[in-house]
2 protein chains.
Amino acid sequence: MEKVSLWIRGAKVWNAYEKKFEEADVAVEKGRFCYIDRERRTFLDAERILDATGLYLLPGLIDIHMHIESTMMTPENLAWALAGNGVTTIVSEPHEMANVKGMRGILEMIQAGKHVPVDIFYGIPSCVPSTSDELETAGGKIGFAEMKALLEYPEVACVGEVMNYRGVLEEPELDICRFLSYVRKERPGLPIEGHCPELVGRELAAYLGLGIDSDHTEHSLEEVRQRIENGMFLEIQEKMLRQEILDYLISHKLYEHCAFVTDDTMADTLMEQGQLNHVAAKAVEMGFPLEEAVYCATYTPARRMRFFDRGTVAPGKIADFQLVERPETFRPISVFKNGEEIWRPGRKPMIHGYAFPEDFYTSVRVPEVSPEFFRVPAPKGASFVWVRVMEVARGGTHTHEKVVKMPVQNGFVDWQGSGCLLAAVLERHGIDGSRAFGFLTGDCHKKGTIATTYLHDHHNLLVAGDSPEDMAWAVGRIRRQQGGYLAVRKKAVLAELALPVCGILSERPAEETGAALKHVRSVMRELGYEHENPIMSFACLGLPVSPELKLTNRGLIETRARKKVSLIIKEGERL
Amino acid sequence: MEKVSLWIRGAKVWNAYEKKFEEADVAVEKGRFCYIDRERRTFLDAERILDATGLYLLPGLIDIHMHIESTMMTPENLAWALAGNGVTTIVSEPHEMANVKGMRGILEMIQAGKHVPVDIFYGIPSCVPSTSDELETAGGKIGFAEMKALLEYPEVACVGEVMNYRGVLEEPELDICRFLSYVRKERPGLPIEGHCPELVGRELAAYLGLGIDSDHTEHSLEEVRQRIENGMFLEIQEKMLRQEILDYLISHKLYEHCAFVTDDTMADTLMEQGQLNHVAAKAVEMGFPLEEAVYCATYTPARRMRFFDRGTVAPGKIADFQLVERPETFRPISVFKNGEEIWRPGRKPMIHGYAFPEDFYTSVRVPEVSPEFFRVPAPKGASFVWVRVMEVARGGTHTHEKVVKMPVQNGFVDWQGSGCLLAAVLERHGIDGSRAFGFLTGDCHKKGTIATTYLHDHHNLLVAGDSPEDMAWAVGRIRRQQGGYLAVRKKAVLAELALPVCGILSERPAEETGAALKHVRSVMRELGYEHENPIMSFACLGLPVSPELKLTNRGLIETRARKKVSLIIKEGERL
């Protein structure tokens, strides 16, 4: 009788093939399942025996489309938080780090993701920066050579989402187009992740024709139907859990063509609700059959990423699994990776702390500024101006362009009585020190100052508030902290999350990062930010690929036209 | 409006995702599907328009487990025959050629399979020779170095069936075990094909633990169930189309975990019944839902072999498809590969003829023999002997060992009145000229002589008959023809298929090869060969991995014990 390292007896074990739980004994040796004994008649010589009678044993969950940086945690701190949610494998696409530190940012994330309790794979960022040097200044750039070099890393599981979905259809000379051709020839099995919120019909077909065959963005039912029937793998994040979408997937039994993903989960949400397990549990609540939810959180994501070594409880597969009392909750009471227990309630994580290179901690290179820095000059002799204002609207990260008349005082725009906040983006990668002004209104904050270096995707410094004094003070604070997300009023911090790694990651444990971010969120609400997700809304005010009017260090961008527009409307200019 | 090369209008088009046929227009450009227009409202500028109203359009079938050599055709001749059956992609495992010519045999098959109308991929033969030099003499050997070298070929899709299923469990030092470890580390996505007819329980789990996760052999329902629930992909050949097996797959909806395959199809069967299309149609006749049969003959086999570029009618996929009038027949009226029509009824194939190296045509290196060659000497002074006889039994390729008493005449065994035939295997690869004798009885032929160089797996020359004169004459005939499958009586050919390429392949077109083989088969029946498949039965009499008593150039082999036994039982020998 061979010896096995672990023998779990009597659990209701997940059978991914017949899609059911059934009582069985499960043996693990060398980190892999070695025998699933459904007859329960064989006695094994085991180093450790676990009586799991009454519990359900299911595979570790697999989140194949997410961004670690969205959690604002380091890979290690996140890994422990994932373990507690039964998630044992993720595929992260590090385009935020790449925007700050280029190739080095990606390679450091890969390094930082080793020797942590869950398996972290990476997608190759395909759109860094999100647009061009004319519209934004990022700290790094990922071109054809970098993408090609990344193919050699065993941690790379896919090409990350091709966000420039119009560009790839119209501009075959783009680096990403050349890279897609290269990948399809040299690495034909490598998944290529998509991002094409609006595409339908022939455009969708053309996008698929490039080999990009998944999508995780938000869709109408008709868009979902077109994706499925044209062979696109559907990655379902929480906002896609809508009844009509689920009903379509359920009634047509399309389970094998979709998987749950999280995309962007913030630290506080993760700590309070969970991660992929939250999405799966919510789907079940909405009528998705439990067995299919397990399948779409383990088996189909593994298959999509060609992880043939996991995602199921079967001989030869990596022993990543969890024990749960009520499977529909997806709340584990014990989580195993490679056959070793990595989490159970109350057990403290063993955090080693990864040291990023020194310059990752000194990445916010802005000058000290005075309140006068924030004066917006008006055209000579004008007594009033019409300005373009970003109007924040609930229900997404889009803004609308609003034109507002403002008086001029001593040659400067006198905005403080206009119902708008002043916003500024300061280039902070040490490239050219450029900066630009804008105005903000709508469902944003009404008073106080918010500032952050977490500004999609270029991560320059955005500060917006009702007082030049506070704004200058906030810039100074962020400069000293080398990054953060900050709410200030009357030269005092109301709430703050320090983000010392590249200005986008906290090094604090998940609980602390989550608590700090939650406090920022609640203070932003107190300051009048009425958006469902004020953190995300504010962090997207600088994103030049998201409609409609956004602010970067280059100025105001009309993102649909992909062009810079002036803050103050010039005389005779056609609107 | 972009131009497309082909526009097929109005067919009922296969939707692999919702598993249904629906009316649509299908556009093809650069050999791939570029747009599936289900609304049929877009007008395209097409070089060629095909009105397919009333027809069904389904993908080309994909046979992922078969052996070209079993058809006794060259890759090119076979390819045309496959085209006529709607099969556009195959994965062949060339262990027969490897047994004759080693690595060169495999590489020549790869070469010969290029520039033919269907796509031919290959599995890496993992068990060549089938046993060891002590038990058989093959013309080639595939060791670790050869298997490793084959990984570099783009035509290689998998590791071929690991037939030595007991060996890999017990002898980790085998080349194949080392190679499996290597593959799992260096090419973790590469499928490893299995062959494990009897394994269940812990042995099956251990086999799966080596990464071998498919099986195509014949099974009981319980064995099928164990394979499925332990994560083994089930490859269903015709003899597995049994009602209880199909009922299990259907009732548990296990379609995604299985595919139809052909394994071994002989030329005449192929010409008369078809190939993978025959298996699929037969499954449908037996109650397998049509839509699931299409899926298991196109989508699941593609996925199993990681052919992400085919197996479905969707944008970006290779335009391999067929038009059929009644899909349940799987009988095409037109077949397309890469968007070009390759077959329609009555159209002559354009055969170029691949020239194998010269030594492939001079591979049967046996001497001229006289009738005296076939005298079996008896022990000195014996007046009778007990001999081990291979008893051929219907229902498979197994034989039983039977002990028969035979008189001795002039020092030689006088077998001609014993109800047995004499059999001889002559080493023919030019290695040592060894030869061995045996006797045959049971459901084999009763009169005349059969001879062939198509003798699994070593492909030495087997001749068996009732007359030493005819046997010597048959050897001479095969020698002159350099290989074949032959029935002789009274020094005249009754039926013959010449196999001039390595003694195992015909170069004649499919129809001629099929007709010749059919004639051999019918003559064998006339000579009393009562087996369901006399061709296969005879060709397996030399296979030392198939129970129970077989004959190689090394002598009689007790295959379960993997040892040589004497033809004449020695005095005092325990049986």
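Model, not experiment: these values are computed from the prediction.

Visitor: Explanation requested: the overall build of chain A in the structure shown.
Guide: Secondary structure summary: chain A contains 14 helices and 28 strands in total. Taking 575 residues into account, the globule formula puts the C-alpha radius of gyration at 25 Å, and chain A, at 25 Å, falls close to it. Seen through its principal axes, chain A has C-alpha atoms that stretch 95 × 50 × 45 Å. Residue burial in chain A is summarised as follows: out of 575 residues, 63% are buried. Excluding contacts between residues fewer than 6 apart, the proportion of contacts in chain A whose partners are at least 24 apart in sequence is 68%. About 20,900 Å² of surface is accessible on chain A, with carbon and sulfur atoms providing 49% of the total.

Visitor: Whenever I open this one, a nonpolar patch on the surface confuses me. Can you help?
Guide: Residues and elements named next belong to chain A. Where nonpolar side chains cluster on the molecular surface, the patch consists of Phe-384, Trp-386 and Val-403 and spans about 270 Å² of accessible area. Of note, Phe-384 is situated in strand S17 (residues 384–392). Classification of Phe-384 as partly exposed rests on a relative accessible area of 39%.

Visitor: Please explain the relation of the copies chain B and chain A as it appears in this structure.
Guide: In this structure, two copies of a chain are linked by a rotation about an axis accompanied by a shift along it. Superposing chain B onto chain A takes a rotation of 180° plus a shift of 0.0 Å along the axis, which leaves an RMSD of 0.1 Å. In the structure described here, the two chain copies are related by an operation that fits a two-fold rotation axis. A share of 100% of the interface residues of chain B reappears at the interface of chain A, consistent with the copies meeting face to face through the same patch.

Visitor: Hey, could you run me through the environment of Glu-391 of chain A in this one?
Guide: Residue and element names in this part refer to chain A. Within the secondary structure, Glu-391 is located in strand S17. Once the C-alpha coordinates of Glu-391 and Cys-420 are considered, the two residues, 29 residues apart in sequence, prove to be 9.2 Å apart. Those residues in contact with Glu-391 that sit more than four places away from it in its chain are Thr-399, His-400, Lys-402, Thr-441 and Gly-442.

Visitor: Can you walk me through the sheet that holds strand S11 (residues 214–215) of chain B in this structure?
Guide: One key point about sheets: their strands pair by backbone hydrogen bonds, in either a parallel or an antiparallel sense. Residues and elements named next belong to chain B. Reading across the sheet, the 3 strands line up as S11-S12-S13 and stay open at both edges, with parallel pairing between neighbours. Two strands in the sheet have a free side with no partner beyond their single neighbour: S11 and strand S13 (258–260). Summarising the sheet, S11 and strand S12 (residues 233–236) pair through 2 bridges and their orientation is parallel. What sits directly across from Ser-214, in S12, is Phe-233. Across the sheet, helix H11 (residues 290–304) lies against S11, S12 and S13, angled at about 110° from S13, the strand it touches most.

Visitor: Looking at this structure, how should I read the interface of chain B and chain A?
Guide: Quite often, the size of an interface is put as the accessible area lost when its parts meet. Counting residues at the interface gives 45 residues for chain B, matched by 45 residues for chain A. Among the residues chain B hides against chain A, the three largest losses belong to Tyr-17, Arg-202 and Glu-229 of chain B. Together they make up 22% of the total. Summed over the shared surface of chain B and chain A, the number is 4 salt bridges. Between Glu-229 of chain B and Arg-38 of chain A there is a salt bridge, with its nearest N and O atoms 3.7 Å apart. The tally of links between chain B and chain A comes to 8 residue pairs in polar contact (both at pLDDT 80 or more). Here the element with the most residues in the side of chain B that touches chain A is helix H6 (residues 201–209) of chain B; it accounts for 5 residues. Each residue belonging to the side of chain B that touches chain A can be placed in one class, and the counts come to 19 nonpolar, 10 polar and 16 charged.

Visitor: Can you walk me through the pairing of strand S5 (residues 56–59) of chain A in this structure?
Guide: The side chains of a regular strand alternate, residue by residue, between the two faces of the sheet. All names here are of chain A. The sheet contact formed by strand S1 (residues 3–15) and S5 spans 2 bridges and is parallel. Note on S5: the bridge partner recorded for Val-13 is Leu-57. Pairing of S5 with strand S14 (residues 321–324) involves 4 bridges; the strand directions are antiparallel. Pairing of Pro-59 across the sheet is with Phe-321, part of S14.

Visitor: Even after reading the chapter, I still don't get the packing of aromatic side chains, so can you show me in this structure?
Guide: Both the distance between ring centres and the angle between the ring planes are used here to describe each pair of aromatic rings. Tallying each qualifying case throughout the model produces 40 aromatic pairs over all chains. Ring geometry for Phe-373 of chain B versus Phe-437 of chain B: centroids 6.1 Å apart, planes at 70°, classification edge-to-face. Within this pair, whereas Phe-373 of chain B is found in the loop between strand S16 (340–343) and strand S17 (384–392), its partner Phe-437 of chain B is found in strand S21 (residues 435–442), the two being separated by 64 residues in sequence. Overall, the relative accessible area of 23% leaves Phe-373 of chain B in the partly exposed class. When the centroid spacing of 6.5 Å and the interplanar angle of 80° are considered together, the rings of Tyr-529 of chain B and Phe-538 of chain B count as edge-to-face. Note on accessibility: Tyr-529 of chain B and Phe-538 of chain B belong to one class, buried. Members of the aromatic cluster, joined through ring pairs, are Trp-14, Phe-21 and Tyr-56 of chain A. Sitting above the plane of the Phe-307 of chain A ring, Arg-310 of chain A keeps its charged end 5.4 Å from the centroid. Sitting above the plane of the Phe-308 of chain A ring, Arg-306 of chain B keeps its charged end 3.6 Å from the centroid.

Visitor: What am I meant to see in the packing of helix H7 (residues 221–229) of chain B against helix H8 (residues 243–251) of chain B here?
Guide: Between two packed helices, both the angle of their axes relative to each other and the distance between the axes serve to describe the pair. Residues and elements named next belong to chain B. The contact between H7 and H8 brings their axes to 10 Å, and the two run at 30°. Put simply, H7 runs roughly parallel to H8. The crossing of H7 and H8 is right-handed. Along the contact surface, H7 presents Leu-221, Val-224, Arg-225 and Ile-228, while H8 presents Glu-244, Ile-245, Tyr-248 and Leu-249.

Cut-offs applied
Residues numbered from 1 in each chain as written. Chains lettered and ligands numbered in written order. Predicted model: local features only at pLDDT ≥ 70, side-chain atom pairs only at ≥ 80, totals over all residues. Heavy atoms only, no water. Helix = DSSP H or I, 4+ residues; strand = E, 2+ residues; numbered from the N terminus. Rg over C-alpha atoms; globule rule 2.2 N^0.38 Å. Buried < 20%, exposed > 50% of the residue type's maximum accessible area, 1.4 Å probe, protein only. Contact = heavy atoms within 4.5 Å. Areas by Shrake-Rupley, 256 points an atom, 1.4 Å probe, with all protein chains shown as cover. Patch = residues over 30% accessible without salt bridge, like charges linked within 9 Å, V, L, I, M, F, W, Y side chains within 5 Å. Salt bridge = Lys/Arg side-chain N within 4 Å of Asp/Glu carboxyl O. Least-squares fit on C-alpha atoms with pLDDT ≥ 70 in both. Pairing = 2+ DSSP bridges. Axes fitted to C-alpha atoms, helices over the stretch in contact; angles between N-to-C directions. Buried area = accessible area lost by both parts, 1.4 Å probe. Polar contact = N/O pair within 3.5 Å; in protein donor to acceptor, adjacent residues only side chain to side chain. Nonpolar A, V, L, I, M, F, W, Y, C, P; charged D, E, K, R; others polar. Phe/Tyr/Trp six-rings, centres within 6.5 Å; stacked < 30°, edge-to-face > 60°. Lys NZ or Arg CZ within 6 Å of the ring centre and 35° of its normal. Parallel < 35°, antiparallel > 145°, perpendicular 65-115°, else oblique. Left-handed = near helix turned anticlockwise from the far one by under 90°.

Geometry only, nothing functional implied.
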